[in-house]
Amino acid sequence: MKLLKETLMHFKPYWKGLLIAFACSLVGGVFTIFPPVLTGKIVDGIVSDTSGRIIGWMIAGVMFSFLFKVVFESLQELLQVRIGLDVITDMQLRAFRRLHKTPMSFFTTTPRGDMLYRLTHDVESVQNLNNTVIPRFVQQLISAVAAFTAVISLYWPAAVIMVGVFAIYLYPSFKIGTKVRKMGAVQRDMSADMYSHLQESIESIRLVRTFQTQSKEIKTQEEKLTKWKNFSIRLALIGKVNWRLGNLFNIATPGVVMLVGGLSVWQDKITIGTLVATLSFIPIMFMPVRSLAENALIIQQAIPALQRIYEYFDLPQEHNDNLPGIGQIKGSIQMDDIWFKYPGTEHFVLKGVTLKMESGTHIGIVGTSGGGKSTLVQVLLGLFNPDKGSVHIDHKNLNEYNRNSFRQQVGVVSQETFLLNSTLRKNLLYGRPEASQAELDEACEAAGLTELITSLTEGYETIVGERGLKLSGGQRQRVALARAILRHPPVLIFDEATSSLDGETEERVQASLEELIPGRTTITIAHRLVTVRNADKIILLDKGVAAEEGTHEELLALRGQYYQLYMAQYSELEKESAV
Ligand SMILES: Nc1ncnc2c1ncn2[C@@H]1O[C@H](COP(=O)(O)OP(=O)(O)OP(=O)(O)O)[C@@H](O)[C@H]1O
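Residues numbered from 1 in each chain as written. Predicted model: local features only at pLDDT ≥ 70, side-chain atom pairs only at ≥ 80, totals over all residues.

A tally of helices and strands in the chain yields 18 helices and 10 strands. Taking 2.2 N^0.38 as the reference for a compact globule, 579 residues should give roughly 25 Å; the C-alpha atoms of the chain span a radius of gyration of 35 Å, well beyond that estimate. Each principal axis of the C-alpha distribution contributes one length, and for the chain these read about 120 × 45 × 45 Å. Within the chain, the proportion of its 579 residues that are buried is 33%. A separation of at least 24 residues holds for 79% of the contacts in the chain among residues at least 6 apart in sequence. (Helix = DSSP H or I, 4+ residues; strand = E, 2+ residues; numbered from the N terminus. Rg over C-alpha atoms; globule rule 2.2 N^0.38 Å. Buried ≥ 20, exposed ≤ 12 C-beta atoms within 10 Å, placed from the backbone. Contact = placed C-beta atoms within 7 Å.)

Looking now at the domain arrangement of the chain. According to the domain assignment, the chain contains domain 1 (2-313), domain 2 (329-409 + 492-501 + 520-579) and domain 3 (415-488). For domain 2 versus domain 3, the distance between C-alpha centres works out to 27 Å. Between domain 2 and domain 3, the contact holds eight residues from the first and six residues from the second. Taken together, the residues that form the side of domain 2 that touches domain 3 break down as three nonpolar, three polar and two charged. (Domains from an automatic or database assignment. Nonpolar A, V, L, I, M, F, W, Y, C, P; charged D, E, K, R; others polar.)

Looking now at the nonpolar core. Counting residues in each nonpolar core, the largest one holds 65 residues, and the members touching the most others are Ala447, Leu481, Ala482 and Ile485. Here this core gets seven residues from one element, more than from any other, and that element is helix 15 (residues 473-486). If you count residues domain by domain, this core takes at least three from each of domain 2 (329-409 + 492-501 + 520-579) and domain 3 (415-488). Those residues in contact with Ala482, other than ones at most four positions away along the chain, are Leu428, Ala443, Cys444, Ala447 and Leu449. (Core = buried A, V, L, I, M, F, W, Y, C linked by C-beta atoms within 7 Å.)

What follows is about the site of the ligand. Around the ligand, a shell composed of Thr108, Tyr342, Thr345, Val349, Ser369, Gly370, Gly371, Gly372, Lys373, Ser374 and Thr375 is seen. Taken together, the residues of the shell around the ligand break down into two nonpolar, eight polar and one charged. (Near = placed C-beta within 6 Å.)

Overall, antiparallel pairing links the four strands, which are arranged 2-1-4-5 in an open sheet. The sheet terminates laterally at strand 2 (350-357) and strand 5 (396-397), the two strands that pair on one side only. Summarising the sheet, strand 4 (residues 388-393) and strand 5 pair through two bridges and their orientation is antiparallel. Counterpart to His392 in the pairing with strand 5 is Asn397. Taken strand by strand, helix 10 (residues 373-380) contacts strand 1 (333-340), strand 2 and strand 4, and its axis lies near 115 degrees from that of strand 1. (Pairing = 2+ DSSP bridges. Axes fitted to C-alpha atoms, helices over the stretch in contact; angles between N-to-C directions.)

Once that is clear, we can look at the environment of Ile168. Position of Ile168 relative to the elements: it lies in helix 5 (residues 112-203). Expressed as a C-alpha distance, the spacing of Ile168 and Phe249, which sit 81 residues apart in the sequence, is 9.3 Å.

Further remarks concern unusual backbone geometry. Positioned with a positive phi, Lys543 is a non-glycine residue whose angle comes to about 50 degrees. With respect to the secondary-structure elements, Lys543 resides in the loop between strand 9 (537-542) and strand 10 (545-550). A positive phi angle, close to 60 degrees, is found at Arg559, a residue other than glycine. If you trace the backbone, Arg559 turns up in the loop between helix 17 (552-558) and helix 18 (561-578).

Moving on to the sheet that holds strand 10. Overall, mixed pairing links the six strands, which are arranged 6-7-8-3-9-10 in an open sheet. Two strands in the sheet have a free side with no partner beyond their single neighbour: strand 6 (410-413) and strand 10. Sheet twist, expressed as the mean angle between neighbouring strand axes with direction ignored, is 15 degrees. Two strands pair when backbone bridges link them, and strand 3 (residues 362-367) and strand 9 are joined in this way by five bridges, in the parallel orientation. In the strand pairing of strand 9, Gly367 is matched with Leu541. Sheet strands in contact with helix 10 are strand 3, strand 7 (491-495), strand 8 (521-525) and strand 9, and its direction is about 150 degrees off that of strand 8. Relative to the sheet, helix 15 contacts strand 6 and strand 7, its axis offset from that of strand 6 by approximately 175 degrees.

This part covers the environment of Ser201. Its location among the elements puts Ser201 in helix 5. For the pair Ser201 and Asn242, spaced 41 residues apart in sequence, the C-alpha separation works out to 38 Å. Beyond its immediate chain neighbours, meaning those up to four positions away, Ser201 contacts Val208 and Glu217.

Time to look at the packing of helix 13 (residues 437-446) against helix 15. A pair of packed helices can be characterised by two numbers: the angle between their axes and the separation between those axes. Direction vectors running N to C along helix 13 and helix 15 enclose 130 degrees, while the axes themselves pass 8 Å from each other. With respect to their mutual orientation, helix 13 and helix 15 come out oblique. The chirality of how helix 13 crosses helix 15 is right-handed. Seen from helix 13, the contacting residues are Glu439, Leu440, Ala443, Cys444 and Ala446; seen from helix 15, they are Ala482, Ile485 and Leu486. Classifying every residue of the contact of helix 13 with helix 15 gives seven nonpolar, no polar and one charged. (Parallel < 35°, antiparallel > 145°, perpendicular 65-115°, else oblique. Left-handed = near helix turned anticlockwise from the far one by under 90°.)

Under the present numbering, the feature "domain: ABC transmembrane type-1" (unreviewed entry) in UniProt falls on residues 19-301. In this annotation, residues 19-301 is assigned 94% helix and 0% strand; the end-to-end C-alpha distance for the span is 27 Å. (UniProt positions renumbered as here; feature names shortened; annotations may be inferred.)

With six bridges connecting them, strand 1 and strand 2 associate as antiparallel partners. By the bridge assignment, Phe340 is partnered in strand 2 with Leu350. Two elements, strand 1 and strand 4, share five bridges in a ladder whose sense is antiparallel. Looking at the pairing, Trp339 lines up with Lys388 of strand 4.

The next subject is the packing of helix 1 (residues 2-11) against helix 9 (residues 296-313). Here helix 1 crosses helix 9 at 75 degrees, and the two axes come no closer than 11 Å. With respect to each other, helix 1 and helix 9 are oriented roughly perpendicular. Facing Leu3, Glu6 and Thr7 of helix 1, the residues of helix 9 in contact are Leu306, Gln307 and Tyr310. Class assignment of the residues belonging to the contact of helix 1 with helix 9 gives a composition of three nonpolar, two polar and one charged.

Moving on, we get to the UniProt feature "transmembrane region" (unreviewed entry) in the chain. With numbering aligned to this structure, UniProt lists the feature "transmembrane region" (unreviewed entry) at residues 14-34, 54-72 and 141-171. Here residues 54-72 is 100% helix and 0% strand, with 27 Å between the C-alpha atoms at its ends. Between the first and last C-alpha atoms of residues 141-171 the distance is 19 Å; the span itself is 100% helix and 0% strand.

Turning our eyes to something else, we now look at the environment of Lys341. Checked against the element boundaries, Lys341 lands in the loop between strand 1 and strand 2. Through-space distance from the C-alpha of Lys341 to that of Phe384 is 9.5 Å; in sequence the pair is 43 residues apart. Every residue in contact with Lys341, bar those within four places of it in the chain, is listed here: His347, Phe348, Val349 and Asp387.

Shown next, in the form of structure tokens:
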């Protein structure tokens, strides 16, 4: 019921077009009546020796009726296909929009393949239903109603026989239909699961090759495929039973009508022509039922697909769209007693972390791997909601504002840089497409990219990413740096921003960063403690707890974990320089 309501809601904006389509269908339906009726009259005319001229006119009438029927039904079909495409576009966009508003936790718990499957294959299945099955079914249904009305007025016992046949056919057909629909939903989930595995396997091809796990990957896919195939065979068999059942009734009905009708002709109650016309109407009346059985596969795929798309309309939203923007921020940050665990996990990753920053100050976050450094930043950005605690920006509770308005004012350079499969220019301007060429050049210079760009024959227009020039880890990080610099954000976050750079480049980029930092609130996450030595404050996160806090000198003086880490790295550096 909800499915129907939701679907009707999507069609509502197009009601005018639908009305015209329906009117065309009605006219087409009326013209369906003429050929059988005229054929009956022609038969009667031949039997009773009517003049050839009149019979000729009647034959012309049959042909013109067909022609009008085709014209009006084509118009209806065209209109409905157009509306069907409009609706499917609306649905896909609505689901996609919602996906972009849903909390990050959804993306960390849902396989990407499943998301893609819904937005492509499921949408395609609904499109098949919308563009072929429904327009035809509407026509056939209207023609069937017109034919039924004609049969009542021509020879009502045939109409009674038809109703009786339908009544007998409907029950098993409904039962099989329900089973087919349920199985269709299972088949859909199986397909999505298979798609997810394929996607994951292809995406991790390097890992697969390195660890030589091809045969395991292929075996998993084979198992999934075999399960899917066997299930699909069962489903197809049940679908065919339904179709055959429809055929059986379609063949049996004219036989019964012929028997009863023949008796009426013999008793002079009706003419042979009337019986011929009535018999011609039977296939038209059966058409919608046959069509449903024939298209069972498309329907059975589309209904669960529709359900799966609709599930995305109800995804939770990260924040309410109506919340006000936070406005231009200065950059003071206060995170109070933050407790956080990832959805679906048991252990807290952050356990009562507090972080206070005046605008324009620089904080370094260091600590053991897995200590919660990156997680803290994600909570700050509002990508994940803390289980307890609050985040205030410029003394405003982030929960009461549209988070996007805050994120727009933050420049993030993280360990992983995503590159679009596009030109270097588009990649660099990703966060600020309107920046001038001079600003772009300046940002690239600051990020240490100028050398690379001048060495490329196509410069900024070089295609990078999946199907273009492959950038090294360090080059990617510099692209991310340039992106951040271009935004002139009041808040900067560097999460291992220079970790993939070689020593010399790191020094250069670090110097650019140092130039960028003054006046901006900056959080630097680093493994190498020298990177954060100049920070106003350093926090050492250990197993989700801020274990130590202070300036570099204060922390060294503490002789605690920071001191030990520093000494370990310091002696490493010494060893390196000694070699
Ligand atoms: N999406 C996730 N789902 C579940 N657990 C996660 C997720 N992301 C991170 N974790 C866990 O949270 C903990 C903290 O991870 P986080 O990435 O914040 O650590 P980190 O201090 O930044 O580590 P590193 O220095 O190695 O980057 C780790 O134990 C990690 O396994």
